[in-house]
Amino acid sequence: MAKKTIYALSTFFGQSAVAIVRISGTQSHKVASKLCNLKKIKPRYAHFCKLHDKKGEVFDEAIAIFFKSPISFTGEDVLEIHTHGGIYVIKKLMDELAKFTGLQMAKPGEFSERSFLNQKRNLIYFEGINNLISAESEKQLNIAKKQVFSLQENPVQKWKDKIQESKAILN
């Protein structure tokens, strides 16, 4: 069974200047062609485009960036659409994506899961990203940065080894 192409709003659902929707999977290029009216799409290039609904009517302007597999976050073809962050614009874009055959709304964490399964990152990285997003202080941010940007191994394993060593000395 082929994996479905997934999509999700990557930014907050609410009124803002910009909203970003990500699409990952084999249908990403088709979405760029039909929704963004981009026939030739250069990978890793910001394409200015108009978003078209199924009737062919323009409903917003956007920036579309295509990441060709395997050089993407998930290891699959990925399309990012940066659009205006109006509540109805976001809703309209999500509704239009739902009309594509072979696309489905991503479950929470599904982009990260695909990235992990495609061996793009390890679990420490994803734990660090979660901590980076949740950080509310400089100390929390520094711990998260170490997980995401510099540690290749699990810091908990080091602590466990140190505790076991200390217990052995005390016994």
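Residues numbered from 1 in each chain as written. Predicted model: local features only at pLDDT ≥ 70, side-chain atom pairs only at ≥ 80, totals over all residues. Heavy atoms only, no water.

Participant: Looking at this structure, I do not really get the side chain of K92. What am I missing?
Facilitator: Following the sequence through the fold, K92 ends up in helix α2 (residues 87–98). Residues within four places of K92 in sequence aside, it is in contact with D53 and F59. (Helix = DSSP H or I, 4+ residues; strand = E, 2+ residues; numbered from the N terminus. Contact = heavy atoms within 4.5 Å.)

Participant: Please clarify how the sheet that holds strand β4 (residues 58–67) should be interpreted in this entry.
Facilitator: To summarise the sheet geometry, strands pair through backbone hydrogen bonds and adopt either a parallel or an antiparallel arrangement. Taken together, the six strands give an open sheet; going across it, the order is β3-β4-β5-β2-β1-β6, and neighbouring strands pair in mixed fashion. Of all the strands in the sheet, just β3 (47–52) and β6 (103–105) have a single pairing partner and so form its edges. Strand-to-strand twist of the sheet, defined as the mean angle between neighbouring strand axes without regard to direction, takes the value 30°. As judged from the eight bridges shared by strand β2 (residues 16–24) and strand β5 (residues 78–85), these two strands associate in the antiparallel manner. Opposite V18, over in β5, you have H84 as the bridge partner. (Pairing = 2+ DSSP bridges. Axes fitted to C-alpha atoms, helices over the stretch in contact; angles between N-to-C directions.)

Participant: What should I look at first to understand the pairing of β3 in this one?
Facilitator: Consecutive side chains of a regular strand alternate in pointing toward one face of the sheet and then the other. In this structure, β3 lies alongside β4, joined through six bridges in antiparallel fashion. Bridging across to β4, H47 finds its partner in A64. In this antiparallel pair of consecutive strands, β3 and β4, the connection spans five residues, and G56 shows a positive phi of 90°.

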